[in-house]
Amino acid sequence: MLFFCAVTVFFTVGIFIAVAVLAVKYRRRADDEIPVATHTGMLLEVVWTVIPFGITMIMFGWGASLYFKESRPPDNAMKMYVVGKQWMWKIEHPEGQREINELHIPVGRPIVLTMTSEDVIHSFFIPDFRTKQDVVPGRYSMIWFTPTKVGKYHIFCAEYCGTRHSQMTGWVYVMDPEKYQEWLNGGAPMGSMAEKGGKLFDDLACANCHKPDGSGRCPSLVGLYKRKVQLADGRVITADEAYIRESILQPNAKVVAGFQPLMPTFQGLINEEGVVQLLEYIKSLSAAPGTPPATVNVPTPSINYNPAPEGTAAPAPPKSAPKR
Ligand code: CUA
């Protein structure tokens, strides 16, 4: 910003001085004076085009790198889920704690929120953290921040979402790490998100087809998260949150190469909170040493379904796997 201001001030002052000096120097001295025709200097044109171009490219490169840095959460960030609905914020910690209109977090740790909505567009806004992000049905949006001061801060919904939009508010509690741990341990034991997702996985009989050893009618989900997946239509995509969510709710949108579109939709059978629990469960399914990779029954060997070089059996566990 200082660089931006310095450049702006420099050129503004320069231009105004030039205007004043030239206005005096070339003022009309007689009523019938006719100015001499002058022609453009090529050198001058090139210089005053190339220099500003270079300066704006510096601003662009610098700004873009800051933007990318700012939009990528640090690897050690704590991941939590937020589901917005008319008119409340439902929050779930990876350890399984659930809150409504409250978010308890430890001070000094980067926090990533993965957010979606059950109905209309909301917007998660913590004015004190200078952070705001739309929460949109049908997709995941993300914000991250590092709370630096213990205290209690407002949460607002910043997108008009119906009658009680103005009451869709809450509080962030930033706590000392020990206090946070106490708070985490204080709730009733309810199992981590991944455990709840695992229970849903069983209840919905997903394991009948998604067998962990890859022998089922559908692909094994072991080590799936963040891996490249070859699709039946030839595309290769990364198995991120959005893809996994879509594959639960609209299984035929992206069918894995070598598999039939057999899976029924779970739209309506499972709410957004269930989907994020399943997500955490699938993320937690990193292959144990010795487990064959989930690619075993991809029929064409040339397919780059698993980016790991041949011979390396188990993909590395995802960094974000919940610590238990
Ligand atoms: Cu939710 Cu406004």
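Computed from a predicted structure; not experimentally measured. Sequence order as written defines residue numbering, which begins from 1 separately in each chain. Given that the model is predicted, a residue must reach a pLDDT of at least 70 before its local features are reported, and side-chain atom pairs must reach 80 or more before they are shown or counted; all residues, however, enter totals for whole chains, interfaces and linings. Calculation of side-chain values draws on the structure's entire complement of heavy atoms; hydrogens and water are dropped beforehand.

(A) Inspection of the packing of helix α4 (residues 193-203) against helix α6 (residues 272-284) at higher detail. Here, axes are lines fitted to C-alpha atoms. For helices the fit covers the stretch in contact, and angles between N-to-C directions go from 0 to 180 degrees. A run of DSSP states H or I qualifies as a helix once it reaches four residues; a run of E qualifies as a strand once it reaches two. Both are numbered from the N-terminal end. Orientation of α4 relative to α6, taken along the N-to-C sense of each, is 100 degrees, at an axis distance of 7 Å. Considered as vectors, α4 and α6 are oriented roughly perpendicular to each other. On α6, the residues touching M193, A194, K196, G197, G198, L200 and F201 of α4 are G274, V276, Q277, L278, E280, Y281 and S284. The nonpolar class holds Ala, Val, Leu, Ile, Met, Phe, Trp, Tyr, Cys and Pro. Asp, Glu, Lys and Arg form the charged class, and all remaining residues, Gly among them, are polar. Its residues assigned to classes, the contact of α4 with α6 shows seven nonpolar, five polar and two charged. Put simply, angles under 35 degrees are roughly parallel, angles over 145 are roughly antiparallel, angles from 65 to 115 are roughly perpendicular, and the rest are oblique. Throughout, a residue-residue contact means that at least one pair of heavy atoms, one from each residue, lies within 4.5 Å.

(B) Inspection of the sheet that holds strand β9 (residues 151-157) at higher detail. Pairing between two strands requires that DSSP report at least two bridges joining them. Sheet architecture is open: five strands sit in the order β4-β10-β9-β6-β7, paired in mixed fashion. Edge positions in the sheet fall to β4 (102-106) and β7 (131-135), since each of these pairs with one other strand and no more. Pairwise comparison of adjacent strand axes, ignoring direction, gives a mean angle of 20 degrees for this sheet. Summarising the sheet, strand β6 (residues 122-126) and β9 pair through two bridges and their orientation is antiparallel. Bridge pairing in β9 links F124 to C157. Helix α3 (residues 177-186) contacts β4 and β10 (170-175) of the sheet and is inclined by roughly 130 degrees relative to β4.

(C) View of the nonpolar core. Residues L224, V229, Y243, I244, I248 and I270 are the most contacted members of the largest nonpolar core, which totals 28 residues. Put simply, the parts of the chain that give this core at least two residues each are α4, α5 (241-249) and α6. Ranked by residues supplied to this core, first place goes to α6 with six residues. Think of a nonpolar core as a cluster: buried Ala, Val, Leu, Ile, Met, Phe, Trp, Tyr and Cys residues, connected wherever their side-chain atoms sit within 4.5 Å. Each residue is assigned to one of three classes by its accessible area relative to the maximum for its type, calculated with a 1.4 Å probe on protein chains only: buried under 20%, partly exposed between the two thresholds, exposed over 50%. Formed by 27 residues, the second largest nonpolar core is a distinct cluster that contains V107, M115, I155 and L184.

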